[in-house]
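Results of the structural survey
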Amino acid sequence: MNKKFEHKYQDNEELERKIVAMREGGKILGGVLRDLKEYVKPGMTGKEIDAWVRRTIEERGAKVAYDDLEESFPGAICISVNDELVHGVPTDEVLGEGDKVSFDLDVRYDGYYTDSAFTMIVGGKGSPAVKEMIKTTERAMWAGIDVVRAGVKTGDIGYAVEKVLCQGKLGVIENYVGHGIGKEMHMKPDVPNYGSRGHGYTLKVGDTICIEPMSCLGKPGNYVDKESGWTVKMKDGSIGCHCEHTVLVTEDGCEVLTLAE
């Protein structure tokens, strides 16, 4: 935390506790996802990966956030393969070379939540179109993060994200959006991946939000798989993509909390 920010809020114990907890929890989360990228190999199943994630979170002193949901999610991490977009339930399906897989993870540390996601190709060898989609979606996420500062509207973030996705000729998912985060996993404000500049909620110093572009190679229509009750799939069978970071609004811009040390 920069000294100016730290000094201004040193008397606000609740905000200070939030920032300290979310910074530490975010580092743990970032470290788990960093190591997960190296861990995942062709031939593994979603359930094997899920067990590794749960064990790793607990070993590093955090809690599995999905255990806190009122409607219990059957796993420690969302694993969405190929035409699955988000909220994928870990299964016994074997991941193959070239499969696209998105990982979405929340952890709880000292009463506060952090949230992050990334998309990768298993084994590294895959469709050039899918590789480009992942790169573009990551660029869109960072374009949204780059505009974050006090006084900015959520529409400014959405505009920046959407511009990059559209330039990459990707489908823009509109029915799932980013969100506020802190003592709860999902809080106001909504942070859409589309929008108009100058519209929406006005960010203030101390806010913590999740910026999470979702895109696809086809049309953006999607549905929840009835069998799992969780996994969101693309209606046209195209490949989906999801990237996310938790961000703190500071006096001089923002701080990405979910990066590994």
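Our structure's up above, just so we're on the same page.
This write-up is about the structure you can find in this document. Predicted, not measured: the structure shown is a model, and the values here were computed from it. (Residues numbered from 1 in each chain as written. Predicted model: local features only at pLDDT ≥ 70, side-chain atom pairs only at ≥ 80, totals over all residues. Heavy atoms only, no water.)

**Notes on the overall build of the protein chain**
Broken down by element type, the protein chain carries five helices and 15 strands. Computed over the C-alpha atoms, the radius of gyration of the protein chain is 18 Å, within 12% of the 18 Å expected from 2.2 N^0.38 for a compact globule of 261 residues. Once the C-alpha set of the protein chain is aligned to its principal axes, its extents read approximately 50 × 40 × 30 Å. Residue burial in the protein chain is summarised as follows: out of 261 residues, 53% are buried. (Helix = DSSP H or I, 4+ residues; strand = E, 2+ residues; numbered from the N terminus. Rg over C-alpha atoms; globule rule 2.2 N^0.38 Å. Buried < 20%, exposed > 50% of the residue type's maximum accessible area, 1.4 Å probe, protein only.)

**A short note on the sheet that holds strand 11 (residues 222–224)**
Strand order in the open sheet formed by three strands is 3-12-11, and the pairing between neighbours is antiparallel. With one partner strand each, in any of the chains shown, strand 3 (84–86) and strand 11 form the two edges of the open sheet. When strand polarity is set aside, the average angle formed by the axes of neighbouring strands in this sheet is 40°. Summarising the sheet, strand 3 and strand 12 (residues 232–234) pair through two bridges and their orientation is antiparallel. Its bridge partner lying in strand 12, Glu84 is registered against Lys233. (Pairing = 2+ DSSP bridges. Axes fitted to C-alpha atoms, helices over the stretch in contact; angles between N-to-C directions.)

**Quick notes on the side chain of His242**
When you line up the elements, His242 lands in strand 13 (residues 240–242). The class of His242 is buried, set by a relative accessible area of 2%. Sequence-distant contacts of His242, defined by excluding residues within four places in its chain, comprise Leu85, Val86, Ser102, Asp104, Ala117, Phe118, Thr119, Glu212, Pro213 and Met214. (Contact = heavy atoms within 4.5 Å.)

**Considerations on the sheet that holds strand 8 (residues 187–191)**
With antiparallel pairing, the five strands of this open sheet are ordered in space as 8-7-9-14-15. In this open sheet, the two strands that pair with only one neighbour each are strand 8 and strand 15 (253–256). Looking at each pair of strands side by side, their axes are set apart by 30° on average, direction ignored. As judged from the two bridges shared by strand 7 (residues 178–180) and strand 9 (residues 208–211), these two strands associate in the antiparallel manner. Residue pairing in the sheet places Gly180 in a bridge with Ile209 of strand 9.

**Re the packing of helix 2 (residues 13–39) against helix 3 (residues 46–59)**
Interaxial distance between helix 2 and helix 3 falls to 11 Å at its minimum, and their mutual angle equals 145°. Crossing of helix 2 against helix 3: the hand is right-handed. Judged by residue contacts, Val32, Asp35, Leu36 and Tyr39 of helix 2 engage Glu48, Ile49, Trp52, Val53, Thr56 and Ile57 from helix 3. Of the residues assigned to the contact of helix 2 with helix 3, the class counts are seven nonpolar, one polar and two charged. (Left-handed = near helix turned anticlockwise from the far one by under 90°. Nonpolar A, V, L, I, M, F, W, Y, C, P; charged D, E, K, R; others polar.)

**Re the nonpolar core**
Membership of the largest hydrophobic core comes to 27 residues, with the highest contact counts inside it found for Val148, Ile157, Leu203, Ile209, Ile211 and Val247. Taken together, the elements giving at least two residues each to this core come down to helix 4 (128–146), helix 5 (154–167), strand 9 and strand 14 (245–250). Per-element accounting of this core gives the leading share, seven residues, to helix 4. Those residues within four positions of Val247 in sequence are excluded, and the remaining contacts are Ile145, Val148, Asp207, Thr208, Ile209, Ile211, Cys254, Glu255 and Val256. By size, the runner-up hydrophobic cluster in this structure holds 25 residues, among which are Met44, Ile79, Phe118 and Met120. (Core = buried A, V, L, I, M, F, W, Y, C linked by side-chain atoms within 4.5 Å.)

**Things to note about the side chain of Lys18**
Structurally, Lys18 is set in helix 2. Summary of buried charges: Lys18 has no salt-bridge partner, and the nearest side chain of opposite charge, Asp207, is 5.5 Å away. Of note is the side chain of Lys18, whose polar atom sits 3.1 Å from the side chain of Thr208. Lys18 has contacts with Tyr112, Gly206, Asp207 and Thr208, leaving out every residue within four places of it along the chain. (Lys, Arg positive; Asp, Glu negative; His and termini not counted. Salt bridge = Lys/Arg side-chain N within 4 Å of Asp/Glu carboxyl O. Polar contact = N/O pair within 3.5 Å; in protein donor to acceptor, adjacent residues only side chain to side chain.)

**Comments concerning the pairing of strand 8**
Summarising the sheet, strand 7 and strand 8 pair through three bridges and their orientation is antiparallel. Bridging from a neighbouring strand, Gly180 pairs with Met187 of strand 8. Where strand 7 hands over to strand 8, the hairpin turn is made up of six residues, counted between the paired strands.

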